[in-house]
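Spelled out from the first residue to the last, the chains are:
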Amino acid sequence: MFEKLDMAPPDVILGLTEAFKKDPNPNKINLGVGVYKDSNGATPVFQAVKEAERRLIDVEKTKTYLSIEGSPEYAAAVQEMLFGAGNSLVTSGLAATAHTAGGTAALRVAADFIKTKCPGATVWLSDPTWPNHPAIFRASGLNMATYPYYDADAKVLAFDRMIEALAKIPAGDVVLLHACCHNPTGIDPDAAQWKQIAGVAKTAGWLPLFDFAYQGLGDGFREDARGLDCFVNLDGEMLIASSFSKNFGLYNERVGALTAVGASVEAVEKAMSHIKVCVRTLYSNPPAHGGAIVTTVLGDAALRAMWEAEVTEMRDRINGMRTLFVDTLKAKGVTRDFSFLTRQRGMFSFSGLTKDQVLKLRKDSAIYIVDSGRINVAGMTENNMEPLCKAIAAAL
């Protein structure tokens, strides 16, 4: 069987990382994969995470399985992050959470749930979106379509075209929305636009599925949930896939969650019963360690304050790199206006670089950027900014 197979194409992003690792150039720069780098070019372990791990080692007594949906303490911590402390959803039973193996597993569980319970539904993705989104929903056998999101000429949200398209999506279909720090564009709706999107969802009758992978890295923890809050206020149904890879630095622990919100306790319990069936057939139950770290940090006032300070430092550094990038390009004599990058949020940006320019940067300067021109701003540092901007100026 194996001898008859052809090689599968490499992953668009992770394949780029493999090529980067093999490149012998000592000055190579990786702006492809979505991993945060500090000012020294390292991906650090949060101090709050290290302290939580020390505590967990002292009290851990077993390595037995978690339940299919994970621990109730983790679910409560996730829901407080999503909806805010004291929100009635947290105590009313109108939300239920399954601990998943990262945000990708949360999306795949959601996809399997949709396919088994609403097999005729189409999942609508923003154009553009994270390259793995269509692969995940395709693997579950779902139909997919796209709605407009990005105005490439003006480098802004194509909101009028977006809202017009969302209004025409049939009831019973599913719309995937990036809760904040849109990947790959870095452009998010503002508060008024989110309110309008939520209103369209309620009128049209489609199900919102939020991908919430970057909470805290845009404008702040609650500020980044402004879109989610608009939908919560409508008392409707939704699914939320969340991740702690970026905002806790728990990349290799694979810590995520899928949260279902409904209009009644009974409806949510039924939904979660089917979500658990999907989990059972994929990975049975979640890994415990990363979830325990999140639960420990969010449940301790001192650790939470430490963690929030560390995330704030990350957010400020990323925004600082955006400004430094724009200023350095200008200092290198680049006349093209890159100021739109300073208005974007999160780790990523659509740079406007063409595929030919990206390939030239890779060949001539060992600078690795996704072919679409998406750059990981969090991979920029004060040390690599000069050679990066010099190479881009030469490639333009």
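Residues numbered from 1 in each chain as written. Predicted model: local features only at pLDDT ≥ 70, side-chain atom pairs only at ≥ 80, totals over all residues. Heavy atoms only, no water.

(A) How the structure looks around unusual backbone geometry. Here the bond from Asp-127 into Pro-128 is cis, since omega is 10 degrees, no more than 30 degrees from zero. Phi at Lys-155 takes a positive value of approximately 60 degrees, unusual for a residue other than glycine. Tracing the chain through its elements places Lys-155 in the loop between strand S5 (150–151) and strand S6 (156–157). Positioned with a positive phi, Arg-254 is a non-glycine residue whose angle comes to about 55 degrees. Among the structural elements, Arg-254 can be located in the loop between strand S9 (238–243) and strand S10 (255–261). (Helix = DSSP H or I, 4+ residues; strand = E, 2+ residues; numbered from the N terminus.)

(B) Representation of the pattern of salt bridges. Applying the stated criterion across every chain yields a total of 17 salt bridges. A salt bridge links Asp-371 to Arg-362; the nearest nitrogen and oxygen atoms lie 2.8 Å apart. Residue classification places Arg-362 among the partly exposed residues on the basis of a relative accessible area of 22%. (Salt bridge = Lys/Arg side-chain N within 4 Å of Asp/Glu carboxyl O. Buried < 20%, exposed > 50% of the residue type's maximum accessible area, 1.4 Å probe, protein only.)

(C) Geometry of the packing of aromatic side chains. In the structure shown here, the tally under the stated rule is 11 aromatic pairs. Ring centres of Tyr-214 and Phe-348 lie 6.0 Å apart, and the angle between their planes is 80 degrees; on these two criteria the pair is classed as edge-to-face. Placement of Tyr-214 in the loop between strand S8 (207–212) and helix H9 (226–232) and of Phe-348 in strand S11 (residues 348–350) is noted, with a sequence separation of 134 residues between them. Here Tyr-214 matches Phe-348 in class, with each residue buried. Centroid distance Phe-221 to Trp-307: 4.9 Å. Interplanar angle 40 degrees. Geometry classified as tilted. Here Phe-221, found in the loop between S8 and H9, pairs with Trp-307, found in helix H12 (residues 301–331); they are 86 residues apart in sequence, far enough to count as distant. The exposure class assigned to Phe-221 is buried, which follows from its relative accessible area of 15%. Using a relative accessible area of 0% as the deciding quantity, one classes Trp-307 as buried. Here a set of aromatic residues connected by ring pairs shows up, and it is made of Tyr-74, Phe-221, Phe-244, Phe-248 and Trp-307. (Phe/Tyr/Trp six-rings, centres within 6.5 Å; stacked < 30°, edge-to-face > 60°.)

(D) Molecular detail of the nonpolar core. In this structure, Ile-197, Trp-206, Phe-231, Leu-239, Ile-275, Trp-307 and Phe-325 are the most contacted members of the largest nonpolar core, which totals 132 residues. The element contributing the most residues to this core is H12, with nine residues. If we ignore the near neighbours within four places in the chain, the residues touching Leu-239 are Ala-110, Phe-113, Ile-114, Leu-207, Pro-208, Leu-209, Phe-210, Leu-258, Thr-259, Ala-260 and Ile-275. (Core = buried A, V, L, I, M, F, W, Y, C linked by side-chain atoms within 4.5 Å. Contact = heavy atoms within 4.5 Å.)

(E) The arrangement of H12 in detail. Here H12 spans 45 Å end to end across 31 residues, near enough to the 45 Å set by a 1.5 Å rise per residue. Two or three places before Ala-302, at the start of H12, stands the capping residue Asp-300, its side-chain oxygen 3.1 Å from that residue's backbone nitrogen. Among the residues trailing H12, Gly-333 stands out with phi positive, at a value near 90 degrees. (Expected span 1.5 Å × (residues − 1). Polar contact = N/O pair within 3.5 Å; in protein donor to acceptor, adjacent residues only side chain to side chain.)

(F) Spatial organisation of a nonpolar patch on the surface. Together, Met-1, Phe-2 and Leu-5 line one region of the surface with nonpolar side chains, adding up to about 440 Å² of accessible area. The topology assignment puts Leu-5 in the segment before helix H1 (14–22). The class of Leu-5 is exposed, set by a relative accessible area of 52%. (Patch = residues over 30% accessible without salt bridge, like charges linked within 9 Å, V, L, I, M, F, W, Y side chains within 5 Å. Areas by Shrake-Rupley, 256 points an atom, 1.4 Å probe, with all protein chains shown as cover.)

(G) Geometry of the sheet that holds S8. Taken in spatial order, the seven strands make up an open sheet running S2-S10-S9-S8-S7-S3-S4, and their pairing is mixed. Pairing within the sheet leaves two strands with one partner each, and these edge strands are strand S2 (95–101) and strand S4 (143–148). When the angles between neighbouring strand axes are averaged without regard to direction, this sheet yields 25 degrees. Looking at chain direction, S2 and S10 are connected through seven bridges and run antiparallel. Paired with His-99 across the bridge in S10 is Ala-257. (Pairing = 2+ DSSP bridges. Axes fitted to C-alpha atoms, helices over the stretch in contact; angles between N-to-C directions.)

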